[in-house]
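Single-letter residue listing:
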Amino acid sequence: MAAAIDTAEARRALVRATPRQLLIDGRFVDALSGRTLETINPATGEVLATVAEGAAADIDLAVAAARRAFEGGWSMVKPVERQRVLLRLADLVEANFDALVMLDVLDMGVPVGTLAPRRARAVAMLRYYASLAVTVHGHTIDNSVPGEVFAYTLKEPLGVVGAINPWNSPLVLSIWKIAPALAAGCTVVLKPAEQAPLSPLRFGQLCLEAGVPPGVVNVVPGLGDAGAALAAHRDVDKIAFTGSTEVGQSIIRASAANVKRVSLELGGKSPNIVFADADLDVAVFANCGQNCFAGSRLFVQREIYGEFLQRAAAYAGTLRVGDPLQRDTQIGPLVSQAQLDRVCRYIALGKSEGARLLVGGERMTSPDHAPGYFVQPTIFGDVTDTMTIAREEIFGPVLSALSFDTMEEVVQRANASEFGLGCGIWTRSVDTAHRMARRVRSGTVWINNYSLQDVAVPFGGYKMSGYGRESGFEHLDEFLNTKSVFLTTR
């Protein structure tokens, strides 16, 4: 982290310098109601900043600004000009990255020592979507209509996009929503999570500095009512949402008012399947280390189940949980008191339903941890498929370990979930790897790795984990309409 923000006073100055009003039509303004919300540092429980709290009336203003910008020229800007703007924005994000991610460290507790890959990903996304801006094209079609008829298609920007993000990874998710929309020629109203609005607001400011015209990118922090107003707004052409399945379902219902396009990246209960021939050292680290229990439904083949859990519990006990500003911290706090309460409820359910607690299982209450929202890395063994902790998304450092005997059995059990976001497979057998990859119903399959992502590779879910794809060529299509044209030449 740059020395300029390595002191407490420098971090306070960074927060003070960050916009805390709504970004609407190129200007930072107070909410019409005058209301504000507090964003909390989850490592200390202290108020980090006070931010304008947008509501339905502010959403109306932001959508109107986005519509004017779309109709007023942004949709007709030449692709190479949109590309230049995105490349300038990429340069600005790269130059300001340390400050941007420090806002995420303070706002939602991501450990500073885990940020290096985020720099590469954030800048790469902007440059990748800049490259796609000049590739949009239709097709000429050899048709069977009688006479001399020329048929072709046009790809046209959808219009005004409402983007709604959760609190995890605020900067990267903001880029992931806004950059492809701009590349396609759309305008955006972003409603960031109320728990972590600072880096999205600063990113909106950088958009203006990069030459994005007023009204093309609007950022309106607020509570759930602001998101609901955006989802239901009749002048919004598309909603791009990342978050819980429950909220995603409400967005689908709201979209019916004007039959707007919707793409959803929703919850998951991803199976991580370890076969007996796997490299156990690598599999243990991936399940309990840098990925912070992302594959929270762990299936281990019975002949190695005991050994694997012993290793996993030992490793989890060594993980450094604490101040996200310390470089050796591996797991930071949960984002809020509400999320801490949620995770603790699930841990209590695991105990009451008969799972065997192997490690962790408590809120951390030492003097260094008590003011914040910290929970011990937790592993449950002897979990069954019907237990709540094996079925529902927890979104915390809680791993549920189940045993299996055969490939046929684990495929059936892995697929017996309403979710289908991702799946990990650990095996030395190429045959097992390919057979499993075809049979599990998940949008992404990781083999002998977990959580790898690339901006050129599509990401999205099956079943109740959502629909639509982010990243790759498919992502740009989410923001485009296809128009068919028939021209009679004589």
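This report concerns the structure included in the present document.

Cut-offs applied
- Residues numbered from 1 in each chain as written.
- Predicted model: local features only at pLDDT ≥ 70, side-chain atom pairs only at ≥ 80, totals over all residues.
- Heavy atoms only, no water.
- Buried < 20%, exposed > 50% of the residue type's maximum accessible area, 1.4 Å probe, protein only.
- Helix = DSSP H or I, 4+ residues; strand = E, 2+ residues; numbered from the N terminus.
- Pairing = 2+ DSSP bridges.
- Axes fitted to C-alpha atoms, helices over the stretch in contact; angles between N-to-C directions.
- Contact = heavy atoms within 4.5 Å.
- Expected span 1.5 Å × (residues − 1).
- Salt bridge = Lys/Arg side-chain N within 4 Å of Asp/Glu carboxyl O.
- Polar contact = N/O pair within 3.5 Å; in protein donor to acceptor, adjacent residues only side chain to side chain.
- Core = buried A, V, L, I, M, F, W, Y, C linked by side-chain atoms within 4.5 Å.
- Parallel < 35°, antiparallel > 145°, perpendicular 65-115°, else oblique.
- Nonpolar A, V, L, I, M, F, W, Y, C, P; charged D, E, K, R; others polar.
- Phe/Tyr/Trp six-rings, centres within 6.5 Å; stacked < 30°, edge-to-face > 60°.
- Lys NZ or Arg CZ within 6 Å of the ring centre and 35° of its normal.

Judged by which residues are buried, strand S15 (residues 378–381) turns out to be covered on both faces: Thr378 and Phe380 on one side and Ile379 and Gly381 on the other are all buried. Taken together, the three bridges between strand S14 (residues 356–359) and S15 define a ladder with antiparallel strand orientation. In the strand pairing of S15, Arg356 is matched with Gly381. Bridge count for S15 against strand S16 (residues 398–404) is three bridges, and the pairing is parallel. Paired with Ile379 across the two strands is Leu399, which belongs to S16.

Taking strand neighbours across the sheet as the criterion, the seven strands line up as S14-S15-S16-S13-S12-S18-S19 in an open arrangement whose pairing is mixed. Two strands in the sheet have a free side with no partner beyond their single neighbour: S14 and strand S19 (444–447). Neighbour-to-neighbour, the strand axes of this sheet turn through a mean angle of 25°, independent of strand direction. Those strands touched by helix H14 (residues 407–415) are strand S12 (271–274), strand S13 (297–301) and S16, and its axis lies near 145° from that of S16.

Here the phi dihedral of Asp25 falls at roughly 55°; this positive angle occurs in a residue that is not glycine. Residue position: Asp25 is located in the loop between strand S1 (22–24) and strand S2 (27–29). Given a relative accessible area of 31%, Asp25 falls into the partly exposed group.

Right, let's talk about helix H5 (residues 116–133) for a bit. In this model, H5 (18 residues) spans 27 Å end to end at C-alpha, consistent with the 26 Å of a helix rising 1.5 Å per residue. When H5 is considered as a whole, its buried residues turn out to be Arg121, Ala122, Val123, Met125, Leu126, Tyr128, Tyr129, Ala130, Leu132 and Ala133. The inward-facing, buried residues of H5 contact helix H3 (79–95), helix H4 (97–108), helix H6 (170–184), helix H7 (198–209) and helix H16 (472–477).

In this structure the tally under the stated criterion is 25 salt bridges. A salt bridge links Arg12 to Glu9; its shortest N-O distance comes to 3.1 Å. With a gap of three residues between them, Arg12 and Glu9 both fall in helix H1 (residues 8–17), about one helical turn apart. A relative accessible area of 46% means that Arg12 is categorised as partly exposed. Residue class for Glu9 comes out partly exposed when judged on its relative accessible area of 40%. Across the salt bridge formed by Asp385 and Arg413, the nearest N and O atoms sit 2.8 Å from each other. Of the two residues, Asp385 sits in the loop between S15 and helix H13 (388–391) while Arg413 sits in helix H14, which places them 28 residues apart along the sequence. A relative accessible area of 33% places Asp385 in the partly exposed class. Members of the salt-bridge network, linked through shared partners, are Arg67, Glu71, Asp235 and Asp237.

Time to look at the environment of Cys186. With respect to the helices and strands, Cys186 occurs in the loop between H6 and strand S8 (187–191). With relative accessibility at 0%, the residue Cys186 sits in the buried group. For the pair Cys186 and Asp328, spaced 142 residues apart in the sequence, the C-alpha separation amounts to 41 Å. Here Cys186 is in contact with Phe70, Trp74, Pro157, Leu158, Gly159, Val161, Ala181, Val216 and Phe479, once residues within four sequence places are set aside.

Structurally, Ser244 is set in the loop between strand S10 (238–242) and helix H9 (245–255). For Ser244, a relative accessible area of 32% puts it in the partly exposed group. Distance in space between the C-alpha atoms of Ser244 and Val85 is 32 Å, their sequence separation being 159 residues. Only 3.2 Å separates the side chain of Ser244 from the backbone nitrogen of Val247, close enough to count as a polar contact.

Spatially, the three strands line up as an open sheet ordered S5-S6-S22, and their pairing is antiparallel. Lying at the two open borders of the sheet, with one neighbouring strand each, are strand S5 (140–141) and strand S22 (480–488). Of the strand pairs in this sheet, strand S6 (residues 149–157) and S22 are connected by nine bridges, and their pairing is antiparallel. Paired with Glu156 across the two strands is Asn481, which belongs to S22.

We now examine the nonpolar core. Ranked by internal contacts, the top residues of the largest apolar core, which has 72 residues, are Val93, Leu126, Tyr129, Ile175 and Phe203. Counting residues per element, this core draws most heavily on H6, at eleven residues. Discounting residues that sit within four places of it in the chain, Phe203 has contacts with Leu89, Val93, Leu100, Leu126, Leu171, Ser174, Ile175 and Ile178. Counting residues in hydrophobic clusters, the runner-up holds 28 residues, among them Phe275, Ile347, Val383 and Met387.

The N-to-C vectors of H5 and H6 enclose an angle of 10°; their axes lie 9 Å apart at closest approach. By the angle between their directions, the pair H5 and H6 is classed as roughly parallel. Here Arg121, Ala122, Met125, Leu126, Tyr129 and Ala133 of H5 lie close against H6, whose contacting residues are Val172, Ile175, Trp176, Ala179, Pro180 and Ala183. Of the residues contributing to the contact of H5 with H6, the split by class is eleven nonpolar, no polar and one charged.

As a further point, take the packing of aromatic side chains. This structure, assessed with the given rule, holds six aromatic pairs. Relative to Tyr152, the ring of Phe150 has its centre 5.3 Å away and its plane inclined at 35°; by these criteria the two rings are tilted. By relative accessible area, Phe150 is classed as partly exposed at 37%. Sitting above the plane of the Phe479 ring, Lys238 keeps its charged end 5.3 Å from the centroid.

Purely spatial values, then, with no claim about function.
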